[in-house]
Each structure stands twice: as C-alpha cells, then as structure tokens.
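Residue-level listing of the chains:
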Amino acid sequence: MNKNSTRVNCSKRQSLLYLLLTFITFWSCTEQRETRRVEPSFYYWKSVVRITSFELNRLNSLRVKTIYLKFFDVDYSDATGTPVPKAKLDVRDKSLLSDYQIIPTIFITNECFQKIDSPGIIILADKIYRLIKDLSKTTGTRTFN
C-alpha cells in the first residue's frame, strides 16, 4: 500500500464521519411537537373573595376551570419567635368558588426561612397543611389533592 492510497482511505473515512455527524446533528434538531392542551387559569391574590359579575362572566367565557387562590401569608413574628399566618382567606359568597378546582397558594416571606432551622421548617410545613385544610372547609372550596 502506498501513501496516496492511505491518504485516500483516511479522506474517505473523514468524509463519511463528517457526513454521519451532519446527519445526526440535523436529525436531532428536528422538533417533535406534542399536542399541548392549554387550560386557562387565574391567580386570585386578594384576601377577601368578592368576584364581580364582570369577573364571573370573564371566567365563564374563557372556560376557566382552575383558580390559584391565595389562602394566607406567612410572616415571621419577632414577638413569638415563630412564623405566623396573616391575611387569611375570607370568602363572602361560598357558592362562587364551587364550580372551580381550587389550588391553594401561600406567600411565605424570606425571613421565615432565614430565622428557622430545619426541624422548624418541618413543623411549619405541617402547620401550613393543617391551616389549608381548615380554611378549605370553612370557605367552601372544593377538596384538592
């Protein structure tokens, strides 16, 4: 075998390798679209639930099924040395929310996490869970997972 023959074989291998890499690159860049189902949802971030007729009509016209509802805030109390709930949810007309899936949302200040230790976070999570369950019963919101 001479040097020219070896160069031609190397050149052919390189060309084949470049062609293969190019094919893999283009093949991997093709976008595989999944059919996505988008469901309109809204956050309600007020402490007192008073949905106006305009808002109710808008929810119905958009076929909204889910509302992210702020149940309460959690802030650190220097007086007690623990996180405490504030601005708890007040639902004036319980029938307004009965047609929607409610996802409870909570606002927790950074100070809570900065001033409590790991065991305190576990206790806080348990208290938050229990308060969400209690508020969901008293406000008439549907049960949630």
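See the structure printed just above.
So, here's what we can say about the structure. (Residues numbered from 1 in each chain as written. Predicted model: local features only at pLDDT ≥ 70, side-chain atom pairs only at ≥ 80, totals over all residues. Heavy atoms only, no water.)

**Some points on the packing of aromatic side chains**
Here the structure, examined in full by the defined rule, presents 2 aromatic pairs. Geometrically, the ring pair formed by Y43 and W45 is edge-to-face, given 6.3 Å between the ring centres and 70° between the ring planes. Put simply, the rings of Y43, W45 and Y68 pair up and form one aromatic cluster. (Phe/Tyr/Trp six-rings, centres within 6.5 Å; stacked < 30°, edge-to-face > 60°.)

**Here's the deal with unusual backbone geometry**
A positive phi angle, near 55°, is found at R63, a position not held by glycine. Along the chain, the position of R63 falls in the loop between α2 (53-61) and β3 (66-77). (Helix = DSSP H or I, 4+ residues; strand = E, 2+ residues; numbered from the N terminus.)

**Comments concerning a nonpolar patch on the surface**
A cluster of nonpolar side chains, namely L17, Y18 and L21, defines an oily patch on the protein surface of about 330 Å² accessible area. What makes Y18 exposed here is its relative accessible area of 54%. (Patch = residues over 30% accessible without salt bridge, like charges linked within 9 Å, V, L, I, M, F, W, Y side chains within 5 Å. Areas by Shrake-Rupley, 256 points an atom, 1.4 Å probe, with all protein chains shown as cover. Salt bridge = Lys/Arg side-chain N within 4 Å of Asp/Glu carboxyl O. Buried < 20%, exposed > 50% of the residue type's maximum accessible area, 1.4 Å probe, protein only.)

**A closer look at helix α4 (residues 118-139)**
For α4, which comprises 22 residues, the first-to-last C-alpha distance of 31 Å matches the rise-based estimate of 32 Å (1.5 Å per residue) to within 8%. Within α4, burial applies to G120, L124, I128, L131, I132, L135, S136 and T139. On an axial view of α4, the arc spanned by its buried residues comes to 135°, and they lie on one face. In α4, the exposed positions that point more than 90 degrees away from the buried face belong to I122 and K137. Those residues of α4 that are buried are in contact with β3, β4 (82-86), β5 (90-91) and β6 (101-108). At the N-terminal end of α4, a side-chain oxygen is found 3.0 Å from the backbone nitrogen of G120, two or three residues along, and the residue is D117. Phi turns positive one or two residues past the end of α4, at G140, with a value near 80°. (Expected span 1.5 Å × (residues − 1). Arc of directions from axis to C-beta. Contact = heavy atoms within 4.5 Å. Polar contact = N/O pair within 3.5 Å; in protein donor to acceptor, adjacent residues only side chain to side chain.)

**Here we look at the pairing of β3**
The element β3 is largely enclosed, with a buried count of 9 among its 12 residues. Here strand β1 (residues 41-44) runs beside β3; their pairing, made up of 4 bridges, is parallel. Considered in β3, the bridge of F42 is made with I67. As defined by bridge partners, β3 adjoins β6 across 8 bridges and the pair is classed as parallel. Bridge pairing in β6 links V74 to I108. Pairing of β3 with β4, which is carried by 5 bridges, proceeds in the antiparallel orientation. For S77, the partnering residue across the bridge sits in β4 and is T82. (Pairing = 2+ DSSP bridges.)

**Here's the deal with the side chain of K70**
Mapping K70 onto the fold places it in strand β3. Judged by relative accessible area, which is 4%, K70 ranks as buried. Other than its neighbours up to four places away in sequence, K70 contacts Y44, W45, K46, S47, A87, L89 and T105.

**Quick notes on the pattern of salt bridges**
One pass over the full model with this rule turns up 7 salt bridges. In this structure, K70 and D73 form a salt bridge, with 3.3 Å as the shortest nitrogen-oxygen distance. With a shortest N-O distance of 2.6 Å, R130 and D126 are connected by a salt bridge. In this pair, R130 and D126 are both assigned in helix α4, 4 residues apart and thus about one turn of the helix distant. Residue R130 is classed as partly exposed on the basis of its relative accessible area of 44%.

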